[in-house]
Amino acid sequence: MKNLAVFASGTGTNFEAIADAIEAGQLKAKLTLVVVDKQNAPVIEKARQRGIDVFAFNPKDYSSKPDYEREIIAQCQAHHVDFIALAGYMRLLSPLMLEAYDQRIVNIHPSLLPAFKGKDAIGQAIDYGVKVMGVTIHYVDASMDGGRIIAQRVFAVQPQWSKEEIEAQVHAIEHVLYPETLKMLVEE
Ligand code: GRF
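Residues numbered from 1 in each chain as written. Predicted model: local features only at pLDDT ≥ 70, side-chain atom pairs only at ≥ 80, totals over all residues. Heavy atoms only, no water.

Student: In this structure, what is going on with the pairing of strand 1 (residues 3–8)? I would like to understand it.
Tutor: Along any regular strand the residues' side chains alternate between the sheet's two faces. Of all 6 residues making up strand 1, 6 are buried, and the element is well covered by its neighbours. Across the two faces of strand 1 the burial is the same, with Asn3, Ala5 and Phe7 and Leu4, Val6 and Ala8 all buried. Both strand 1 and strand 2 (residues 30–36) contribute to a ladder of 6 bridges, which runs parallel. Across the sheet, the residue bridging to alanine 5 is leucine 33, located in strand 2. (Buried < 20%, exposed > 50% of the residue type's maximum accessible area, 1.4 Å probe, protein only. Helix = DSSP H or I, 4+ residues; strand = E, 2+ residues; numbered from the N terminus. Pairing = 2+ DSSP bridges.)

Structural data, given as structure tokens:
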């Protein structure tokens, strides 16, 4: 069985969806580590309540990205991590991290990539007036929301929906698509 790490910066609803799928036996993997770059992110408490080890760091305590990534890699190795799922982790990875886990790091993004990369992808899509939206899971490379696409799911935007309703739809899809895609990627 493969060991997973989830990297997050915020609320951690995707972390919860992955952890729930594992607990329910729908995803046969072990979640051994959660890596967080914000000391007060709600995901930290959520992980601890489930008894999952957390490495929470402050990038400002390190002189450079490779400096803290070396520490992340050491933590991943100590937790025998085979595969990494970024779930709202708001940082680009350096070649150090990418080489250590070559083809074994994926990310989820709330748009149909390559459209609407970066922050507030849902807001960008709404401003554009798009009529179909969706979620993408992709391999991670050094660029922002770049890397080869693994899975996408689409939905039609109902004209009366508020931004909150659209966000709820995006998240509902994410919470199904991420565990399903990880299943395809990590189960032997
Ligand atoms: C998700 O919408 C994900 O697509 C994006 O960041 C958000 C993270 O949400 N990359 P959460 O912390 O998992 O609730």
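Student: It is not clear to me how the side chain of histidine 109 should be interpreted in this structure. Could you clarify?
Tutor: Counting through the fold element by element, histidine 109 comes out in strand 5 (residues 105–109). Taking the relative accessible area as the measure of exposure, histidine 109 reaches 4% and is therefore buried. A polar contact is formed between the side chain of histidine 109 and the backbone oxygen of phenylalanine 116, at a distance of 2.7 Å. Contacts of histidine 109, omitting those with residues within four sequence positions, involve Phe116, Lys117, Gly118, Ala121, Val135, Thr136, His138, Asp145 and Glu174. (Polar contact = N/O pair within 3.5 Å; in protein donor to acceptor, adjacent residues only side chain to side chain. Contact = heavy atoms within 4.5 Å.)

Student: How should I be thinking about helix 1 (residues 13–23) in this particular structure?
Tutor: An α-helical turn contains 3.6 residues, so a residue and the one three or four places further along point in the same direction. Taken as a whole, helix 1 has its buried residues at Asn14, Phe15, Ala17, Ile18, Ala19, Ala21 and Ile22. Buried residues belonging to helix 1 abut strand 1, strand 2, helix 2 (42–49), strand 4 (83–86), strand 5 and helix 6 (163–186). Where helix 1 ends, the next residue or the one after it, glycine 25, has phi of about 75 degrees, a positive value.

Student: Just to check I follow, could you spell out the nonpolar core for this structure?
Tutor: For soluble globular proteins, the rule of thumb is that nonpolar side chains tend to be buried together. In this structure, Leu4, Phe15, Ile18, Leu27, Leu31, Tyr178 and Leu182 are the most contacted members of the largest nonpolar core, which totals 41 residues. Among the elements that make up this core, the one with the highest residue count is helix 6 (7 residues). Judged by nonpolar contacts, the second largest core, of 20 residues, contains Ile73, Cys76, Leu86 and Leu98. (Core = buried A, V, L, I, M, F, W, Y, C linked by side-chain atoms within 4.5 Å.)

Student: Explanation requested: the pattern of salt bridges in the structure shown.
Tutor: Any two side chains of opposite charge can pair, given that their charged atoms come close. Under the counting rule described, the total for this entry stands at 9 salt bridges. Of the charged contacts in the structure, one is a salt bridge between arginine 153 and glutamate 180, with a shortest N-O distance of 3.1 Å. Of the two residues, arginine 153 sits in strand 7 (residues 149–156) while glutamate 180 sits in helix 6, which places them 27 residues apart along the sequence. By relative accessible area, which is 32% here, arginine 153 ends up partly exposed. (Salt bridge = Lys/Arg side-chain N within 4 Å of Asp/Glu carboxyl O.)

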